[in-house]
Amino acid sequence: MVSANPLRFHLDILQSKPEVNAVIHTHSMFATTLSTLRKGIPPFHYMVALAGGDDIRCAPYALFGSQLLSDHALAALSNRKACLLANHGMIAMGDNLHKALAIALEVETLAEQYLHALQVGEPHLLTHDEMREVIEKFKGYGVWGK
Ligand SMILES: [Zn+2]
């Protein structure tokens, strides 16, 4: 039998990422809705870069509290500050709770915007170079950090 520990991915993230001091997990409406499509958030808006890269990945589905879910989440969080969890919700993290919350709120907004855009067509995506430019700019903003 697989033992479920709802704190497992929180603990695994905190142990494996010394720069992270806060982990937020939500089943918020739009991030969760998008996660049921098993879609990550592509670079359809420059604020996607707030999560640290060109996209916000969606980790594959696994049972809540399972080691497999934690492993999937850690992989999806590689070089990122947030991810979706398929058919489940999202994770956001930061070096403090304020930053983790700011990222969680932004991911929810982006998920809502992306879902709206998908209803009328396929959004145009920013290029890797355009996203790199945004990430460089963000480095100067203290609230969002490095
Ligand atoms: Zn959950």
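Just above sits the structure.
**Things to note about the packing of aromatic side chains**
Item 1. Scanning the model with the defined rule gives 2 aromatic pairs in all.
Item 2. With centroids separated by 5.2 Å and ring planes inclined at 35°, the aromatic side chains of Phe44 and Tyr114 adopt a geometry described as tilted. Placement of the pair is Phe44 in the loop between α2 (29-36) and β2 (58-59) and Tyr114 in helix α4 (residues 97-120), with a sequence separation of 70 residues.
Item 3. Its relative accessible area of 15% is what places Phe44 among the buried residues.
Item 4. Under the relative-accessibility criterion, Tyr114 is labelled buried at 4%.
Item 5. On the numbers, 6.4 Å between centres and 50° between planes, the contact of Tyr46 with Phe138 is tilted. Taken as a pair, Tyr46 in the loop between α2 and β2 and Phe138 in helix α5 (residues 128-138) lie far apart in primary sequence, 92 residues in all.

**A closer look at the pattern of salt bridges**
Item 1. Counted by the stated rule, this structure contains 4 salt bridges.
Item 2. Here Arg132 and Asp54 are joined by a salt bridge, their closest N and O atoms 3.6 Å apart. Within this pair, whereas Arg132 is found in helix α5, its partner Asp54 is found in the loop between α2 and β2, the two being separated by 78 residues in sequence.
Item 3. Assessed through its relative accessible area of 17%, Asp54 is described here as buried.
Item 4. Among the salt bridges present, the one from Glu136 reaches Lys139, with a minimum N-O distance of 3.0 Å.

**Examining a nonpolar patch on the surface**
Item 1. Taken together, Tyr61, Leu63 and Phe64 make up a surface patch of nonpolar side chains, about 300 Å² in accessible area.
Item 2. If you trace the backbone, Phe64 turns up in the loop between β2 and α3 (67-76).

**Focus: the side chain of Asp12**
Item 1. Here Asp12 lies in helix α1 (residues 8-16).
Item 2. Here Asp12 sits buried without a salt bridge, and the closest side chain of opposite charge, Arg8, lies 5.6 Å off (N-O distance).
Item 3. For Asp12, the contacting residues outside a window of four places in its chain are Gln67, Ser70 and Leu74.

**A closer look at the coordination of the zinc ion**
Item 1. The zinc ion binds to the protein through His25 (NE2), His27 (NE2) and His88 (NE2); the donor distances cover 2.0 Å.
Item 2. Mapping the donors of the zinc ion onto the primary sequence gives the spacing H-x1-H-x60-H. Within this pair, whereas His25 is found in strand β1 (residues 22-26), its partner His88 is found in the loop between β3 (82-85) and β4 (89-94), the two being separated by 63 residues in sequence.
Item 3. Accessibility expressed as a relative area gives 26% for His25, which makes it partly exposed.
Item 4. Judged by its relative accessible area of 12%, His88 falls in the buried class.

Criteria and thresholds
Residues numbered from 1 in each chain as written. Predicted model: local features only at pLDDT ≥ 70, side-chain atom pairs only at ≥ 80, totals over all residues. Heavy atoms only, no water. Phe/Tyr/Trp six-rings, centres within 6.5 Å; stacked < 30°, edge-to-face > 60°. Helix = DSSP H or I, 4+ residues; strand = E, 2+ residues; numbered from the N terminus. Buried < 20%, exposed > 50% of the residue type's maximum accessible area, 1.4 Å probe, protein only. Salt bridge = Lys/Arg side-chain N within 4 Å of Asp/Glu carboxyl O. Patch = residues over 30% accessible without salt bridge, like charges linked within 9 Å, V, L, I, M, F, W, Y side chains within 5 Å. Areas by Shrake-Rupley, 256 points an atom, 1.4 Å probe, with all protein chains shown as cover. Lys, Arg positive; Asp, Glu negative; His and termini not counted. Contact = heavy atoms within 4.5 Å. Donors = N, O, S within 2.8 Å, 3.2 Å for Na, K, Ca; no water.

Purely geometric stuff here, so don't read any function into it on its own.
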